[in-house]
Amino acid sequence: MEEARTSWPLKILVLLLFAFLLVPVLVVIPLSFSGENTLRFPPTSWSLRWYGAIFQNQRIMSGFRISATLATLVTILTLAITLPAAYVIVRLRTRGSEFLYNVFTAPLLLPTIVLGLAILIIFAPLGLLGTFTGIALGHLVLTVPYGIRVTATALAGLAVPVEEAAATLGARPLVVFTRITLPLIAPGLLSAAALSFLVSFDELVITLFLAGPRVSTLPFEMFRHLETRSDPLIAAIAVLMIALTLGAVMIVHRTVGLSKSFAGGR
Amino acid sequence: MATAQSAAAGDGAFLSLRGLRKVYTDFVAVENLHLDVPKGELIALLGPSGCGKTTTLRMIAGLASATAGHVMVGGRDITSAPPYDRDMGVVFQSYALFPHMTVAKNIAFGLQMRKVPRAEIDRRVAEAISLVRLNGMEERRPRELSGGQQQRVALARALVIRPSILLFDEPLSNLDAKLRDEMRTEIRDIQQRLGITAVFVTHDQSEALAMCDKVAVLNAGRLEQFGSPIELYEHPANPFVASFVGRVNRLPGTAAGTTVKVGAHDVILPKPMTGAVEVMVRPHRIALGGPSDTAPGANRVTGTISQVAYAGDLVQYGIDVGGTRWFVEQQTTAARPPEVPGTPVSLSWRVEDTLAFPAQG
Ligand SMILES: Nc1ncnc2c1ncn2[C@@H]1O[C@H](COP(=O)(O)OP(=O)(O)O)[C@@H](O)[C@H]1O
Ligand SMILES: [Mg+2]
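Here the structure is a predicted model, which means the values were calculated and not measured.

Across its full length, chain A carries 12 helices and zero strands. The secondary structure elements of chain A, listed N-terminal to C-terminal, are α-α-α-α-α-α-α-α-α-α-α-α. The principal-axis extents of the C-alpha atoms in chain A amount to approximately 70 × 60 × 30 Å. Buried positions account for 43% of the 266 residues belonging to chain A. Intrachain contacts of chain A at a sequence separation of at least 6 include 70% that bridge at least 24 residues. Just so you have it, chain A exposes about 14600 Å², and 71% of that area is on carbon and sulfur atoms. The centroid of the 18 positive side-chain charges in chain A is displaced by 5 Å from the centroid of its 11 negative side-chain charges.

Next up, the structure:
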């Protein structure tokens with residue numbers, strides 16, 4: 001491996017950028033161990049009481065359960081939509097496939113707030129507001145584009161002759177898919193799943209438009225909590241969410257290598 | 001219907017292509033292709049890049065559908081059979097090994113698909129591995145192998161299923177020259193030992209001539225000539241075949257009977273022709289002599305050496321003959337250094353080494 005030579009000014013610039021991105025996140029960690037009643041930095045006393053308080057808070061706990069269920073369901077649905085869609089886009093290369101790819105990934109370009117409003121307008125007459133189904137559908141609008149991107153890249157990295165070779169050796173299409181295609185794009189699918197789960201789990205903007213008294217997600221409950229109170233409870237939850245995200249990223253990294261899975265390599 | 005067509009096929013043909021045609025939207029890639037491959041023979045599909053070789057091979061394998069025409073194997077029409085029912089082994093240009101499987105698993109795949117018992121799979125995989133001399137590599141992944149080794153795995157994987165027909169798509173084009181020569185001999189040897197019917201796609205004429213029983217020359221989707229290497233080389237059907245299979249000097253002339261005027265020289269033809277013709281002589285069939293040497297009973301022209309390219313085994317001369325550039329190839333010997341530019345020479349060759357075709361256009 002050849003080591004890239006970077007100049008000092010560039011290194012410093014990158015360092016500053018990292019600091020800009022990460023310092024706010026890092027500040028949350030000491031805050032979560034605060035022994036005080038308000039979000040003040042730096043804390044003057046330390047405790048684990050706010051971590052305990054999470055489990056006492058019914059709304060937060062209910063939000064967590066709903067978010068976990070929601071993210072799981074959204075992830076499964078995303079893969080179910082993404083895999084065939086990406087297959088059509090990459091493999092059949094029909095006239096419409098590029099158009100399809102653009103349509104599927106377009107939501108990534110729109111401001112989420114615009115999307116949320118649009119979804120609200122469409123879902124309201126359908127009676128989907130304040131329902132679990134409504135929020136799940138709303139999240140899919142965000143997760144499917146990510147899923148398509150990652151899965152399509154993984155599929156594009158798999159050479160067609162490899163599948164054809166299997167066919168000439170006697171494998172029927174379904175066998176080609178399960179024995180050749182699926183194992184080779186599994187890293188991509190795992191990345192798509194991790195990404196979908198995380199996007200859904202911490203989604204707030206669209207949820208703001210769709211949540212109601214019966215269903216509300218963890219980020220939504222955190223937001224509500226913050227509106228009325230400013231105690232370090234939020235910091236404690238934030239730290240747990242950071243841990244969850246890091247955990248998911250680590251799993252993907254360990255099994256396939258992050259850069260590989262997002263670049264779609266094998 | 002199938003039997004009627006097979007009756008029309010050539011005697012003893014095992015694989016027959018009957019009027020095969022492939023059209024991509026509005027582009028004709030293969031046009032009305034008829035070909036009969038006898039059982040146990042290795043035939044080449046030879047032609048320049050883009051002439052439809054791969055497309056033809058894919059139609060035989062069932063990986064591409066034929067727009068029209070039929071593919072027959074052993075008298076049976078398989079034109080619409082899917083690839084997994086065709087029992088053909090394919091060696092792809094890119095090898096197309098399964099990257100997530102070991103060498104042994106790659107080779108075993110086709111046998112597993114055929115529900116061959118476990119013990120027999122192990123035995124046949126081991127056999128195939130020693131056939132292609134990959135012993136000790138069983139547990140490696142494709143990416144841990146060299147190009148030549150990957151090529152051997154691809155060959156073993158296609159052979160182990162004992163296919164009725166073996167198809168190769170430029171299998172040696174990604175190997176370096178030395179390995180390519182080795183693999184040629186090896187593939188030919190295995191094919192003959194197993195008596196397997198095979199179609200070998202290549203754009204390399206020396207590969208086609210050296211390896212194959214018969215060669216089909218394709219150009220722009222059409223069959224130009226189908227014959228043995230000797231037929232193709234000594235009796236090319238047209239100028240395209242003459243110049244694609246081996247090198248030639250192409251010279252315009254005007255024929256009257258067996259004599260044709262090429263520039264200021266009279267050249268004798270083996271058979272009479274009239275009008276505008278294209279005369280062709282292969283560079284290595286021409287002998288160089290002194291400017292006043294005579295060559296009784298042979299064709300002879302005189303010129304001046306203008307260019308010398310020494311390649312070790314051969315030396316190629318560019319010779320100016322009355323304003324036209326001729327090429328002549330001579331074997332080198334240690335005893336005699338190559339001629340130098342500016343030397344006046346005579347060029348002579350046997351009458352039967354003179355090819356002539358009616359001028360085109
Ligand atoms: N899927 C395809 N769609 C459109 N044109 C194609 C396709 N595959 C091949 N062709 C065209 O058909 C011609 C023959 O291709 P091919 O059989 O691959 O040639 P060869 O193998 O002799 O180099 C080429 O001009 C190529 O561009
Ligand atoms: Mg080709």
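Burial within helix H3 (residues 103–113) of chain B is extensive, with nine of its 11 residues counted as buried. Of the positions making up H3(B), those classed as buried are B:Val103, B:Ala104, B:Asn106, B:Ile107, B:Ala108, B:Phe109, B:Gly110, B:Leu111 and B:Met113. Where the residues of H3(B) are buried, they touch helix H7 (160–168) and helix H8 (173–201) of chain A together with helix H4 (118–131) and helix H5 (147–159) of chain B. One or two residues past the end of H3(B) sits B:Lys115, with phi positive at roughly 55°.

Residues and elements named next belong to chain B. Here the structure, examined in full by the defined rule, presents 27 salt bridges over all chains. As a salt-bridge pair, Glu207 and Arg184 come within 3.5 Å of each other at their nearest N and O atoms. Taken together, the residues Glu207 in helix H7 (residues 205–211) and Arg184 in helix H6 (residues 177–194) connect sequence positions 23 residues apart. Glu207 sits in the buried class, given a relative accessible area of 4%. A relative accessible area of 13% places Arg184 in the buried class. Residues Arg188 and Asp213 are paired through a salt bridge, measuring 2.8 Å at the closest nitrogen-oxygen approach.

On to the sheet that holds strand S11 (residues 249–262) of chain B. Residues and elements named next belong to chain B. Ordered by their spatial adjacency, three strands build an open sheet running S11-S12-S18, and the pairing between neighbours is antiparallel. Each edge of the sheet is formed by a strand with only one pairing partner; in this case those strands are S11 and strand S18 (355–358). Pairwise comparison of adjacent strand axes, ignoring direction, gives a mean angle of 45° for this sheet. Where S11 meets strand S12 (residues 265–281), 13 bridges bridge the pair, whose relative direction is antiparallel. Within S12, the position partnered with Val260 by the bridge is Val267.

The next point concerns the sheet that holds strand S10 (residues 222–227) of chain B. Note on sheets: strands pair through backbone hydrogen bonds, and any given pair is parallel or antiparallel. Residue and element names in this part refer to chain B. Taken in spatial order, the six strands make up an open sheet running S6-S7-S8-S3-S9-S10, and their pairing is mixed. Looking along the sheet, the strands with just one partner apiece sit at the ends: strand S6 (88–91) and S10. Here the average twist between neighbouring strands, direction ignored, is 15°. Relative to S10, strand S9 (residues 214–219) runs antiparallel, the two sharing five bridges. Counted as the bridge partner of Val215 is Gly227 from S10.

Moving on, we get to the state of the cysteines. In protein chemistry, a disulfide is the covalent bond that joins the sulfur atoms of two cysteines. Residues and elements named next belong to chain B. What the rule picks out here adds up to zero disulfides over all chains. In this structure Cys51 is a free cysteine whose sulfur lies 14 Å from that of Cys212, the closest cysteine sulfur available. When its relative accessible area of 2% is taken as the criterion, Cys51 is described as buried.

With that out of the way, let us pick up the site of ligand 1. Residues and elements named next belong to chain B. Neighbouring ligand 1 are the residues Tyr24, Phe27, Ala29, Pro48, Ser49, Gly50, Cys51, Gly52, Lys53, Thr54 and Thr55. Separating an oxygen atom of ligand 1 from a backbone N or O atom of Gly50 is a distance of 2.6 Å. Within the backbone of Gly52, one N or O atom sits 3.0 Å away from an oxygen atom of ligand 1. Contact with the protein chains covers 59% of the free accessible surface of ligand 1, which is 550 Å². Elements with a contribution of two residues or more to the shell around ligand 1: strand S2 (27–38) and helix H2 (53–61). Taken together, the residues of the shell around ligand 1 sort by class into five nonpolar, five polar and one charged.

Attention shifts here to H4(B). Residue and element names in this part refer to chain B. With 14 residues, H4 should reach 20 Å at 1.5 Å per residue; the first-to-last C-alpha distance of 20 Å fits that figure. Where H4 is concerned, the buried positions are Ile121, Arg124, Val125, Ala128 and Ile129. The buried residues of H4 occupy an angular sector of 140° when projected down its axis, which confines them to one face. Contacts from the buried residues of H4 go to H3 and H5. Arg133, located one to two residues past H4, shows a positive phi value of around 55°.

Turning next to the environment of A:Ile113. All names here are of chain A. Locating Ile113 in the fold gives a position in helix H5 (residues 112–126). Exposure remark for Ile113: the relative accessible area of 54% places this residue in the exposed category. Residues Ile113 and Val205, spaced 92 residues apart in sequence, show a C-alpha to C-alpha distance of 6.2 Å. Setting aside chain neighbours within four positions, we find Ile113 in contact with Val205 and Phe209.

Residue and element names in this part refer to chain A. By secondary structure assignment, the location of Thr131 is in the loop between H5 and helix H6 (132–156). Sequence-wise, Thr131 and Gly212 are 81 residues apart; in three dimensions their C-alpha atoms are separated by 7.2 Å. Aside from chain neighbours lying at most four places away, what touches Thr131 is Leu210, Arg214 and Val215.

This part covers the interface of chain B and chain A. In this complex, chain B contributes 23 residues to the contact, which on the side of chain A involves 18 residues. Buried surface at the junction of chain B and chain A, both sides included, amounts to about 1800 Å², of which 67% is carbon and sulfur. Summed over the shared surface of chain B and chain A, the number is one salt bridge. B:Arg58 is the salt-bridge partner of A:Glu164, the closest N and O atoms lying 2.7 Å from each other. Joining chain B to chain A, the criterion identifies five residue pairs in polar contact (both at pLDDT 80 or more). Put simply, the parts of the chain that give the side of chain B that touches chain A at least two residues each are S6 and H3 of chain B. Counting residues per element, the side of chain B that touches chain A draws most heavily on H3(B), which supplies four residues.

Okay, the confidence of the model for chain B next. Residue and element names in this part refer to chain B. Residues at a pLDDT of 70 or more form 97% of chain B, whose mean pLDDT is 92. pLDDT under 50 marks residues 1–9. Its contacts with residues more than four places away, or in other chains, come to 14 contacts. The ipTM assigned to the predicted complex is 0.86, against a pTM of 0.84.

Scoring rules and cut-offs
Residues numbered from 1 in each chain as written. Chains lettered and ligands numbered in written order. Predicted model: local features only at pLDDT ≥ 70, side-chain atom pairs only at ≥ 80, totals over all residues. Heavy atoms only, no water. Helix = DSSP H or I, 4+ residues; strand = E, 2+ residues; numbered from the N terminus. Buried < 20%, exposed > 50% of the residue type's maximum accessible area, 1.4 Å probe, protein only. Contact = heavy atoms within 4.5 Å. Areas by Shrake-Rupley, 256 points an atom, 1.4 Å probe, with all protein chains shown as cover. Lys, Arg positive; Asp, Glu negative; His and termini not counted. Charge placed at Lys NZ, Arg CZ, Asp CG, Glu CD. Salt bridge = Lys/Arg side-chain N within 4 Å of Asp/Glu carboxyl O. Pairing = 2+ DSSP bridges. Axes fitted to C-alpha atoms, helices over the stretch in contact; angles between N-to-C directions. Disulfide = S-S within 2.5 Å. Near = heavy atom within 4 Å. Polar contact = N/O pair within 3.5 Å; in protein donor to acceptor, adjacent residues only side chain to side chain. Nonpolar A, V, L, I, M, F, W, Y, C, P; charged D, E, K, R; others polar. Expected span 1.5 Å × (residues − 1). Arc of directions from axis to C-beta. Buried area = accessible area lost by both parts, 1.4 Å probe. pLDDT = per-residue confidence, 0-100.

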